[in-house]
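# Structural overview for review
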Amino acid sequence: MISVSIIFFSFSAAVVLFLSSYVVYHVIIAPRFNPLRKLAGPPLNGPLHNHMSPVLDPFRSPRTHAAYVEKYGRNVRIRGLGPWDDRLLPLDPVSVAHVLKNSTIYEKPWQSRRLITSLIGCGMLAAEGHIHKRQRRVATPAFSIQNMRALVPLVFSKGEELKDKWMNMSQATKEGQVASEKQNSGQVEIDVCHWISRATFDVIGLAGFDYHFNAIQNESDELFAAYKEMFEIAVSQGDGVRTVLGIYFPILNNLFPDKRAKTVFRCQETIRRVAGKLVQQKKSRIMDGEKSGSAYTGKDLLSLLLKSNIATDLPPDQRISDEDILHNINTFMFAGSDTTSLALTWTFLLLARHPDLQTRLRTELLSIVPTTPISRLSPEEIESLHNTLQNLPYLNNVCRESLRLIPPVHSSLRVATQDDEVPVSYPVHLSDGTISDQKSISVPKGSFVHVPVEAFNLDKGMWGDNAWDFDPDRWDHLSEDVLSLPGLYSNLLTFSAGQGVLTRPYVSGQFKKGSQCPLIVTPLESIATS
């Protein structure tokens, strides 16, 4: 009995010693040899201090990034969540281009992927490697230019419906006014963030799986309510510490679920039940069409994904499960509704703050308004109108400037899957106060790299001294520095970095109420007569 106790004690002591040694090595010893520590970076106020708040908070990050460039150069070392977590903050366009181009070396961290997967499943936003490749191969045909153009009438229709809804709200406000208030006839306060989100859900519901949320008219649909509540509470109102603990110890959310976890679980159950049924219904229609020789003609994303997944030229081992199909529909709902509604919300806010530019844009838009009501235009006429809108110079400038000044995705995060040398195009500031003309920076495996989308969009060294101003005319005379910036759209990183931290609007003192952007909206005829 004594010998057994001695063996158990010895084994326990060995396990504790091993774990202690592991922690000491990775927390204290290994970080001292991290090559990123050779880079200059902001000071720390203690062993547990980090730089996440000034880097990620949109209210502070523009000044933070500008100060870092001035003091520490364009490749900066910052501290993450612990003393072992030295990160690279590249503000050099060549360095960022390298990170984004080499997606097999710089992947989304498992922490980010676990958080996304816990909400919407492992779709293309969370998948990496061969899983991402397989899902992308199935999904690519659904996103052809032809299929995207087919959605244009739908977008116009929902835009017209939202306009009518706002006009009705304005009319109701006008009828409720007393005579002394008639000078503000028709003005109504509208939370544009809330209403644009409802409209984008309607568009994506129909485009995604031919499902009518009817969210512009009311919010009673249970699938819409599930998506909306899950996205808002999980993303906007999550407790930071609890969220981090849930990522590293997911069993906590099952054993001791907080309000956020309970809401997510309840919404996920509704989504699995309702959306899962839609997947099976679509699948049955497609199979019935094949048997009868009359192919199912659905053009929604779900139908196209299912058709692509059973295509004869797709090897069986490259097909994805029904669960993966549902996860990608969830991903489409999450990525599309959030980023689109936020981009439009910020654009409306910027135009409200600059009424002279708003008037200029309105004049350009009114010049191409058709004499026939949009609701009565044929699909061909709508496509023609869409092509005309695409070529309006000032509208394009306003859209690009809004996406530059307030990108819906503030920043993103990558992790190095192997040791790498990141090229630089600016001198490198070192921690000893010297400046090196080295051609690259050593990034060890496992290191996090921040992709500062906002920082590049607001960089005064690239965009000029008025980089923080809303100036749509800048797009008519871009500098060579701007034209050399990486980006998928108009030399902007806004749509280049994938998933990341979203820039959401809040009313001061009302954070718990979620994203809001109340604006005073006036009908066009009221403006014309004033």
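Structure shown above.
Description of the structure in this document.

So, how was this worked out
Residues numbered from 1 in each chain as written. Predicted model: local features only at pLDDT ≥ 70, side-chain atom pairs only at ≥ 80, totals over all residues. Heavy atoms only, no water. Helix = DSSP H or I, 4+ residues; strand = E, 2+ residues; numbered from the N terminus. Expected span 1.5 Å × (residues − 1). Buried < 20%, exposed > 50% of the residue type's maximum accessible area, 1.4 Å probe, protein only. Arc of directions from axis to C-beta. Contact = heavy atoms within 4.5 Å. Pairing = 2+ DSSP bridges. Salt bridge = Lys/Arg side-chain N within 4 Å of Asp/Glu carboxyl O. Phe/Tyr/Trp six-rings, centres within 6.5 Å; stacked < 30°, edge-to-face > 60°. Lys NZ or Arg CZ within 6 Å of the ring centre and 35° of its normal. Core = buried A, V, L, I, M, F, W, Y, C linked by side-chain atoms within 4.5 Å. Axes fitted to C-alpha atoms, helices over the stretch in contact; angles between N-to-C directions. Parallel < 35°, antiparallel > 145°, perpendicular 65-115°, else oblique. Nonpolar A, V, L, I, M, F, W, Y, C, P; charged D, E, K, R; others polar.

## Section: helix α17 (residues 379-390)
The end-to-end C-alpha distance of α17 is 16 Å, a good match for the 16 Å that 12 residues give at a rise of 1.5 Å each. Those residues of α17 that sit buried are Ile382, Leu385 and His386. For α17, the angular spread of buried residues about the axis comes to 105°, placing them on one side. Tucked into the core, α17 has its buried residues touching α7 (145-149) and α8 (152-175).

## Topic: the environment of Ala142
Position of Ala142 relative to the elements: it lies in the loop between α6 (129-139) and α7. By relative accessible area, which is 2% here, Ala142 ends up buried. Residues Ala142 and Leu306, spaced 164 residues apart in sequence, show a C-alpha to C-alpha distance of 9.6 Å. Among all residues touching Ala142, those that are not within four sequence positions of it are Asn147, Met148, Leu301 and Leu304.

## Points about unusual backbone geometry
Here the phi dihedral of Asp210 falls at roughly 55°; this positive angle occurs in a residue that is not glycine. In this fold, Asp210 is placed in the loop between α9 (192-209) and α10 (222-236). Here Asp210 falls in the partly exposed class, since its relative accessible area comes to 42%. Despite not being glycine, Asn214 has its phi angle at roughly 55°, a positive value. Structurally, Asn214 is set in the loop between α9 and α10.

## Observations concerning the pairing of strand β1 (residues 75-79)
Where a strand is regular, its side chains alternate between the two sheet faces. Along β1, 5 of the 5 residues are buried, which leaves the element largely enclosed by surrounding structure. Side chains of β1 alternate between two faces, with Asn75, Arg77 and Arg79 and Val76 and Ile78 buried alike. Pairing between β1 and strand β2 (residues 86-90): 5 bridges, direction antiparallel. Residue pairing for β2: Arg79 is matched across the bridge by Asp86. Linkage of β1 to β2, two consecutive antiparallel strands, is achieved through a turn of 6 residues.

## Considerations on the pattern of salt bridges
A side chain with one charge can pair with a side chain of the opposite charge if their charged atoms come near. For the coordinates displayed, the defined rule picks out 20 salt bridges. The salt bridge involving Asp86 is made with Arg79; its shortest N-O contact spans 4.0 Å. Across this residue pair, the class does not change: Asp86 and Arg79 are buried. One salt-bridge network, in which partners are shared between bridges, spans Arg37, Arg79 and Asp86.

## Digging into the packing of aromatic side chains
In this structure the tally under the stated criterion is 15 aromatic pairs. Taking 5.0 Å as the distance between ring centres and 70° as the angle between the ring planes, the aromatic pair formed by Phe231 and Phe334 counts as edge-to-face. Of the two residues, Phe231 sits in helix α10 while Phe334 sits in helix α15 (residues 322-353), which places them 103 residues apart along the sequence. A relative accessible area of 15% places Phe334 in the buried class. Seen from the ring of Tyr426, Arg74 lies directly overhead, with NZ or CZ sitting 5.0 Å from the centre. One residue, Lys460, lies across the ring of Trp468, its end atom 4.3 Å from the ring centre.

## Let's talk about the nonpolar core
Ranked by internal contacts, the top residues of the largest apolar core, which has 40 residues, are Phe209, Phe213, Leu223, Tyr227 and Met333. Counting residues per element, this core draws most heavily on helix α13 (residues 259-292), which supplies 8 residues. Residues Leu342, Leu357, Leu392 and Leu395 belong to the second largest nonpolar core, which totals 29 residues.

## Quick word on the packing of α8 against α17
Look at α8 against α17: their axes get within 9 Å of each other, and the N-to-C directions meet at 85°. Between α8 and α17, the crossing angle belongs to the class labelled roughly perpendicular. Packed against α8, whose contacting residues are Val152, Pro153 and Phe156, the element α17 presents Ile382, Leu385, His386 and Leu389 at the interface. For the contact of α8 with α17, the class distribution of residues is 6 nonpolar, 1 polar and no charged.

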